[in-house]
Amino acid sequence: MYHNNSIRILTGNSHPELAQAVADRLNVPLVSCTVRNFSNGEIDVKIFESVRDEDVFIIQSGCADANDNLMELLILISACKTASARRITAVIPCFPYARMDKKDKSRAPITAKLVANMLVVAGCDHVITMDLHASQIQGFFDIPVDNLFSEPLMLSYIKRYIEGWQNAIIVSPDAGGAKRVTAIADKLGVEFALINRKRDGRKEDAPERMEILVGDVKDKVAIMVDDMIDSGHTLTLAARTLAEKGAKSVHALISHGLLSETNFNVIDELPIEQLVVTNTIPQTQHKTACSKLRVIDVSPTIAESIRRTHNGESISLLFEEWAESSGTVDLL
């Protein structure tokens, strides 16, 4: 059993509800601290308890005001470092700038690498994150990175809440998610499908359409799986394509529900039964705006990863024995 007095959890303003849920599960109080903005926009951090020689975990997600939240995290790390914390782990459920992970056109920045450098320079010793947009982001760091997966939670959700999942087909709305959907399809013992998004013409503003490259969705329960939803444009195109191709019903399971530019009226009118996201990003406002939104709680997975890190136990077991033995999925 771990010692409650040596595990210290701090949080900024990005997702206090998730941090509190994790702390409650570990039976550890949150360290008292304030993170506020001065009138000129600079961030002021005050930590009111000693963290000397403690194992510190700072929970901060890259949501809404991503730049402010990142800066808060960096300053909290630096403050703990200068306060002689024994080890500092940044717990970042949704990694900021994860989509900027490669130089895909001339003069494009690889901002995810810059964020990795900033975390290390601030004094971070270890990073725990969830469903990275691209796994190679782990290689941007020279410190240990644990990339947790929401896959076990999604599998549990599918088995428990999606009727007729035995006759399902797991769909990726782009080629980049092929590995993700094939893994889920294999574990469920069902087929998978890939959708390709293409423009009708060469112009940037040319209309887009989707075509199914692999798989037949006719009379199947189509379960779309992706790592991120922001504008909802991909979801809209994919859902309509699946319905046109004769899918019996359409469900969407997406790890990070950014939903920053999403028109919820459009989502409600789409031919989907439900849009399922996790709470790596606060969803309270989104839930009131969208009747089809369901939220999976990731706090048990994050709490268990913190406990295992603190005790020096294997985290890979989180996706094997622990996931299977827990077998439950909590909805918010």
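Values in this document were obtained by computation on a predicted structure and should not be read as measured data.

## What about the UniProt feature "domain: Ribose-phosphate pyrophosphokinase N-terminal" (unreviewed entry) in the protein?
Here, UniProt's "domain: Ribose-phosphate pyrophosphokinase N-terminal" (unreviewed entry) annotation points to residues 7–123. Annotated as 34% helix and 22% strand, the span residues 7–123 places its first and last C-alpha atoms 18 Å apart.

## Topic: the pattern of salt bridges
Throughout the structure, instances matching the rule amount to 15 salt bridges. Across the pair Arg87 and Asp55 runs a salt bridge, and its minimum N-O distance is 2.7 Å. In this pair, Arg87 sits in strand S5 (residues 87–92) while Asp55 sits in strand S4 (residues 55–59), placing the two residues 32 residues apart along the sequence. Its relative accessible area of 24% is what places Arg87 among the partly exposed residues. The class of Asp55 is buried, set by a relative accessible area of 1%. The partner of Arg99 in a salt bridge is Asp230, with the nearest N and O atoms 3.3 Å apart. With Arg99 in the loop between S5 and helix H3 (111–122) and Asp230 in the loop between strand S11 (221–229) and helix H6 (233–244), this residue pair connects regions lying 131 residues apart in the sequence. By relative accessible area, Asp230 is classed as buried at 17%. Salt bridges sharing common partners tie together Glu304, Arg307, Arg308 and Glu313.

## Remarks on the packing of aromatic side chains
Here the structure, examined in full by the defined rule, presents two aromatic pairs. Between Phe95 and Phe141 the ring centres are 6.0 Å apart and the planes differ by 80 degrees, which places this aromatic pair in the edge-to-face class. In this pair, Phe95 sits in the loop between S5 and H3 while Phe141 sits in the loop between strand S6 (126–130) and strand S7 (145–148), placing the two residues 46 residues apart along the sequence. Here the aromatic rings of Tyr157 and Tyr161 are separated by 4.8 Å at their centres, their planes lie at 35 degrees, and the arrangement is tilted. Linking Tyr157 with Tyr161, this pair stays in helix H4 (residues 151–161), spanning four residues, or about one helical turn.

## Looking at the packing of helix H1 (residues 16–26) against helix H9 (residues 299–311)
Working note: a packed helix pair is described by the angle between its axes plus the distance between those axes. The geometry of H1 relative to H9 is characterised by a closest axis approach of 9 Å and an angle of 55 degrees between their N-to-C directions. Relative to H9, H1 is oriented oblique. As for the relative orientation of H1 and H9, their crossing is right-handed in sense. Contact with H1, carried on its side by Leu18, Ala21, Val22, Arg25 and Leu26, involves Ser299, Pro300, Ile302, Ala303, Ile306 and Arg307 of H9 and no other residues of that element. In the contact of H1 with H9, the residues fall into eight nonpolar, one polar and two charged.

## So, the sheet that holds S5
If you trace the five strands from one edge of the open sheet to the other, you get S1-S4-S5-S6-S7, paired in parallel fashion. At either margin of the open sheet sits one strand with a lone partner, and together these are strand S1 (7–11) and S7. With strand direction ignored, the average angle separating the axes of adjacent strands in the sheet is 20 degrees. Bridge count between S5 and S6: four bridges; the pairing is parallel. Residue Ile92 lies in a different strand from S6, and its bridge partner there is Thr129.

## Examining the packing of H4 against helix H5 (residues 178–188)
As a packed pair, H4 and H5 sit with axes 11 Å apart at the nearest point and diverge in direction by 50 degrees. When the interaxial angle is binned, H4 and H5 end up oblique. Relative to H5, H4 is oriented so that their crossing is right-handed. Residues Glu151, Leu155, Ile158 and Lys159 of H4 pack against Ala183, Ile184, Lys187 and Leu188 of H5.

## What about H9?
Over its 13 residues, H9 extends 18 Å from the first C-alpha to the last, a length consistent with the 18 Å expected when each residue adds 1.5 Å. Extensive coverage of H9 is indicated by the burial of eleven of its 13 residues. Those residues of H9 that sit buried are Ser299, Pro300, Thr301, Ile302, Ala303, Glu304, Ser305, Ile306, Arg308, Thr309 and His310. Phi turns positive one or two residues past the end of H9, at Gly312, with a value near 70 degrees.

## Quick notes on the nonpolar core
One finds Val22, Ile170, Ile223, Leu253 and Ile306 to be the most contacted residues of the largest nonpolar core, which totals 42 residues. Those residues in contact with Ile223 that sit more than four places away from it in its chain are Ile158, Ile162, Ala168, Ile169, Ile170, Val171, His251 and Leu253. Formed by 33 residues, the second largest nonpolar core is a distinct cluster that contains Leu10, Ile43, Leu74 and Val127.

Definitions and limits used
- Residues numbered from 1 in each chain as written.
- Predicted model: local features only at pLDDT ≥ 70, side-chain atom pairs only at ≥ 80, totals over all residues.
- Heavy atoms only, no water.
- UniProt positions renumbered as here; feature names shortened; annotations may be inferred.
- Helix = DSSP H or I, 4+ residues; strand = E, 2+ residues; numbered from the N terminus.
- Salt bridge = Lys/Arg side-chain N within 4 Å of Asp/Glu carboxyl O.
- Buried < 20%, exposed > 50% of the residue type's maximum accessible area, 1.4 Å probe, protein only.
- Phe/Tyr/Trp six-rings, centres within 6.5 Å; stacked < 30°, edge-to-face > 60°.
- Axes fitted to C-alpha atoms, helices over the stretch in contact; angles between N-to-C directions.
- Parallel < 35°, antiparallel > 145°, perpendicular 65-115°, else oblique.
- Left-handed = near helix turned anticlockwise from the far one by under 90°.
- Contact = heavy atoms within 4.5 Å.
- Nonpolar A, V, L, I, M, F, W, Y, C, P; charged D, E, K, R; others polar.
- Pairing = 2+ DSSP bridges.
- Expected span 1.5 Å × (residues − 1).
- Core = buried A, V, L, I, M, F, W, Y, C linked by side-chain atoms within 4.5 Å.

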